Amino acid sequence: MHSSLFQQAEFRWFFAGRLVSLLGSSMAPVALAFAVLDASGNGHDLGIVLAAHMLPLLALLLVGGAVADRFPRRTVLIAAHLGSALTQGGVAALLLTGHYALAPVAVLEFLNGVLGAFTTPALRGVVPQLVDKTLLQQANSLLGSARNATKILGPSLSGVLVVVAGSGPAIAFDAFTYLLAAGLLARLTLADRTDTDTDTDTDTATARRTTVLRDIREGWTEFRALPWVWIGTLSFCLMNLVQTGSWQILGPQLTRQLSGEATWGFVLSARGVGLLAASLLMYRLVVRHLLRLGQLTSALAALPLLVLGAHLDAPWLIAGAFVAGLGSSVTAVSWDTSLQEHVPAQVLSRVASYDDLLSYLAVPVGQLSVGPLAQAFGGFRVVAVAGVLSAAAAVLPLASTAVRRLPRARPDRAEPAAPATVPGTT
């Protein structure tokens with residue numbers, strides 16, 4: 001299986017481009033944080049810069065999904081990567097020349113967020129154009145392994161580079177990785193659209209007569225028409241709402257109270273190892289109902305919150321974080337594969353953009369609310385309740401037959417008409 005994927009030139013170029021880009025992207029946040037803090041001397045500037053990047057990313061995701069379904073995804077990805085190389089290169093130039101100022105850095109990061117809104121939906125939609133439907137799980141497993149490996153290595157490499165050479169060179173390296181990734185993606189020779197077995201000429205002509213706004217509305221219609229998609233998205237939204245802020249904000253604080261600051265680093269490392277191990281495992285694992293498995297394993301992400309809420313010792317927390325990493329990685333591969341197998345190719349990026357938007361919107365809400373809740377009820381109680389609610393949100397979708405019985409794609413069902421006959425989607 002490994003060789004069958006890497007024997008395909010298209011997938012090799014795409015995988016190499018993603019690996020390079022992910023490495024740079026995993027290094028950038030550390031470098032940018034130190035760069036802004038060192039240059040400005042306060043956290044206020046950093047908050048503005050991070051918000052300037054995140055807001056357009058969320059605001060334009062639906063537009064990005066429509067564009068990725070309307071135009072060749074290869075072209076969208078190359079343009080977005082080249083633009084990201086320019087924006088990050090601009091930030092690096094300001095830092096390297098000693099001309100840091102909040103306004104230009106915030107504007108450049110805003111533009112980088114805009115480009116990210118176009119990159120994410122196109123990436124979701126391009127994988128089925130690269131490999132046969134029966135190899136989607138293996139492809140997503142390999143891509144997930146690359147993503148998780150860079151999450152482990154990237155921040156450490158960035159920290160070392162910042163100490164040795166400074167923040168400017170670290171961000172310049174991120175810009176270079178975007179440029180290199182664009183060159184690798186340019187080697188792809190994908191068809192303009194993924195629905196090549198349907199009336200492509202008619203569909204493309206119709207798309208170009210419609211507006212982006214109409215495309216977005218059509219994407220919403222398709223999203224609502226697939227019960228397993230919107231039920232799963234609602235589940236992820238609720239989990240992000242109660243889990244992300246509790247883990248990111250209260251996690252390090254409560255861990256320090258229980259067992260010291262050093263433990264938190266081991267906890268994050270254990271979670272990273274779990275993510276990587278599960279993504280490798282998913283390459284070989286074959287199950288009939290992949291979405292059901294992913295929904296079950298998403299409940300494991302609540303485990304470290306429950307461990308913290310129970311005041312258990314460091315070894316339990318580290319073990320819980322490892323298991324949570326396993327579950328999160330299985331969920332990610334299962335969800336991406338299910339979308340790519342069963343959502344019609346010509347609307348895949350738009351449906352994925354609604355999934356991403358509704359899932360991500362809950363994150364800042366949870367981050368902003370967890371502090372006041374901890375002050376009112378106590379941090380340990382808040383994380384315990386968050387763990388229970390997160391686990392419940394993970395398993396409740398299994399009450400739906402559309403989620404529970406969604407089958408794997410089989411070779412004899414790989415034709416484009418198959419998604420319309422999935423149980424529970426009509």
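Owing to the predicted nature of the structure, the values given are computational and were not obtained by experimental measurement.

Peer 1: Where do I start with the overall build of the protein in this structure?
Peer 2: Per the secondary structure count, the protein includes 19 helices and zero strands. Taking 2.2 N^0.38 as the reference for a compact globule, 426 residues should give roughly 22 Å; the C-alpha atoms of the protein span a radius of gyration of 21 Å, in line with that estimate. Projected onto its principal axes, the C-alpha coordinates of the protein cover approximately 60 × 50 × 40 Å. Put simply, the protein has 426 residues, and 52% of those count as buried.

Peer 1: Would you explain the nonpolar core in this entry?
Peer 2: A general trend in soluble globular proteins is that nonpolar side chains are found buried together. Ranked by size, the top nonpolar core spans 28 residues in total, and within it Trp-228, Val-229, Leu-339 and Val-343 carry the most contacts. If you list the elements that add at least two residues to this core, you get α4 (61-70), α10 (212-225), α11 (227-259), α15 (314-342), α16 (348-360), α18 (379-395) and α19 (401-404). No other element matches the five residues that α11 contributes to this core. Residues Leu-77, Ile-78, Leu-142 and Ala-146 belong to the second largest nonpolar core, which totals 26 residues.

Peer 1: How should I be thinking about the packing of α4 against α10 in this particular structure?
Peer 2: Put simply, α4 and α10 touch, their axes get as near as 9 Å, and they point 100° apart. With respect to α10, the axis of α4 lies roughly perpendicular. Residues Leu-62, Val-63, Ala-66 and Arg-70 of α4 lie in contact with α10, whose contacting residues are Val-212, Asp-215 and Ile-216. A per-class count over the contact of α4 with α10 returns five nonpolar, no polar and two charged.

Peer 1: Just to check I follow, could you spell out the pattern of salt bridges for this structure?
Peer 2: Opposite charge on two side chains permits them to pair, given that their charged atoms come into close proximity. Under the counting rule described, the total for this entry stands at nine salt bridges. Across the salt bridge formed by Arg-70 and Asp-215, the nearest N and O atoms sit 2.8 Å from each other. Of this pair, Arg-70 sits in helix α4 while Asp-215 sits in helix α10, and the two are 145 residues apart along the sequence.

Peer 1: Can you help me understand the side chain of Gln-88 in this one?
Peer 2: Position of Gln-88 among the secondary structure elements: in helix α5 (residues 73-96). Residues within four places of Gln-88 in sequence aside, it is in contact with Ala-28, Glu-109, Asn-112, Ile-171, Asp-174, Ala-175 and Tyr-178.

Peer 1: What exactly am I supposed to notice about the environment of Ala-302 here?
Peer 2: Inspection of the secondary structure puts Ala-302 in the loop between α13 (290-298) and α14 (303-309). The class of Ala-302 is buried, set by a relative accessible area of 1%. As for Ala-302 and Gln-243, which are separated by 59 residues in sequence, their C-alpha atoms are 7.4 Å apart. When residues no more than four places from it in sequence are discounted, the contact partners of Ala-302 are Gln-243, Gly-387, Ser-390 and Ala-391.

Peer 1: What's the story with α18 in this structure? I'm lost.
Peer 2: Residues lying three or four places apart along an α-helix face the same way, a consequence of the helix completing one turn every 3.6 residues. Helix length check: α18 (17 residues) gives 25 Å between terminal C-alpha atoms against 24 Å at 1.5 Å per residue, within 8%. Looking at α18, one finds that the buried residues are Gly-379, Phe-380, Val-382, Val-383, Ala-386, Gly-387, Ser-390, Ala-393 and Ala-394. All buried residues of α18 fall inside an arc of 155° around its axis, so they share one side. Pointing more than 90 degrees away from the buried face of α18 are the exposed residues Arg-381 and Val-388. The inward-facing, buried residues of α18 abut α11, α13, α14 and α17 (362-377).

Peer 1: Just checking my understanding: could you explain the packing of aromatic side chains for this structure?
Peer 2: For any two aromatic rings, the description comes down to two numbers: the centre-to-centre distance and the angle of the planes. Scanning all chains against the criterion turns up nine aromatic pairs. With a centroid separation of 5.3 Å and an interplanar angle of 85°, the aromatic rings of Phe-6 and Phe-15 are classed as edge-to-face. Aromatic ring contacts, followed pair by pair, group Phe-6, Phe-11 and Phe-15 into a single cluster.

Peer 1: In this structure, what is going on with a nonpolar patch on the surface? I would like to understand it.
Peer 2: Among the surface-exposed residues, Ile-152, Leu-153, Leu-157, Val-273 and Phe-322 lie close enough to one another that they form a single nonpolar patch of about 410 Å² accessible area. Sorting elements by how many residues they give to the nonpolar patch places helix α7 (residues 136-165) first, with three residues. Following the sequence through the fold, Leu-157 ends up in helix α7.

Peer 1: Sorry if this is basic, but what is going on with the packing of α7 against α15 here?
Peer 2: Taken N-terminus to C-terminus, the directions of α7 and α15 make an angle of 140°; their axes are 9 Å apart at the nearest point. The orientation of α7 relative to α15 falls into the category oblique. Judged by the twist between their axes, the crossing of α7 over α15 is right-handed. The segment α7 lies against α15, with Leu-136, Gln-137, Asn-140, Ser-141 and Asn-148 engaging Ser-329, Val-333, Asp-336, Thr-337, Gln-340 and Glu-341. When its residues are assigned to classes, the contact of α7 with α15 shows two nonpolar, seven polar and two charged.

Peer 1: Would you mind showing me how to read unusual backbone geometry here?
Peer 2: Most peptide bonds take the trans configuration, and most residues that are not glycine carry a negative phi. Its identity as a non-glycine residue notwithstanding, His-311 has a phi of 60°, on the positive side. With respect to the helices and strands, the residue His-311 is situated in the loop between α14 and α15. His-311 gets classed as partly exposed once you look at its relative accessible area, which sits at 44%.

Peer 1: In this structure, what is going on with the environment of Val-49? I would like to understand it.
Peer 2: Looking at the secondary structure, you find Val-49 in helix α3 (residues 43-59). For Val-49, a relative accessible area of 0% gives the class buried. Each C-alpha atom, one on Val-49 and one on Ala-33, is 9.2 Å from the other, the two residues being 16 residues apart in sequence. In this structure Val-49 touches Leu-32, Val-36, Leu-102, Val-105 and Glu-109, once residues within four positions along its chain are discounted.

Rules used throughout
- Residues numbered from 1 in each chain as written.
- Predicted model: local features only at pLDDT ≥ 70, side-chain atom pairs only at ≥ 80, totals over all residues.
- Heavy atoms only, no water.
- Helix = DSSP H or I, 4+ residues; strand = E, 2+ residues; numbered from the N terminus.
- Rg over C-alpha atoms; globule rule 2.2 N^0.38 Å.
- Buried < 20%, exposed > 50% of the residue type's maximum accessible area, 1.4 Å probe, protein only.
- Core = buried A, V, L, I, M, F, W, Y, C linked by side-chain atoms within 4.5 Å.
- Axes fitted to C-alpha atoms, helices over the stretch in contact; angles between N-to-C directions.
- Parallel < 35°, antiparallel > 145°, perpendicular 65-115°, else oblique.
- Contact = heavy atoms within 4.5 Å.
- Nonpolar A, V, L, I, M, F, W, Y, C, P; charged D, E, K, R; others polar.
- Salt bridge = Lys/Arg side-chain N within 4 Å of Asp/Glu carboxyl O.
- Expected span 1.5 Å × (residues − 1).
- Arc of directions from axis to C-beta.
- Phe/Tyr/Trp six-rings, centres within 6.5 Å; stacked < 30°, edge-to-face > 60°.
- Patch = residues over 30% accessible without salt bridge, like charges linked within 9 Å, V, L, I, M, F, W, Y side chains within 5 Å.
- Areas by Shrake-Rupley, 256 points an atom, 1.4 Å probe, with all protein chains shown as cover.
- Left-handed = near helix turned anticlockwise from the far one by under 90°.

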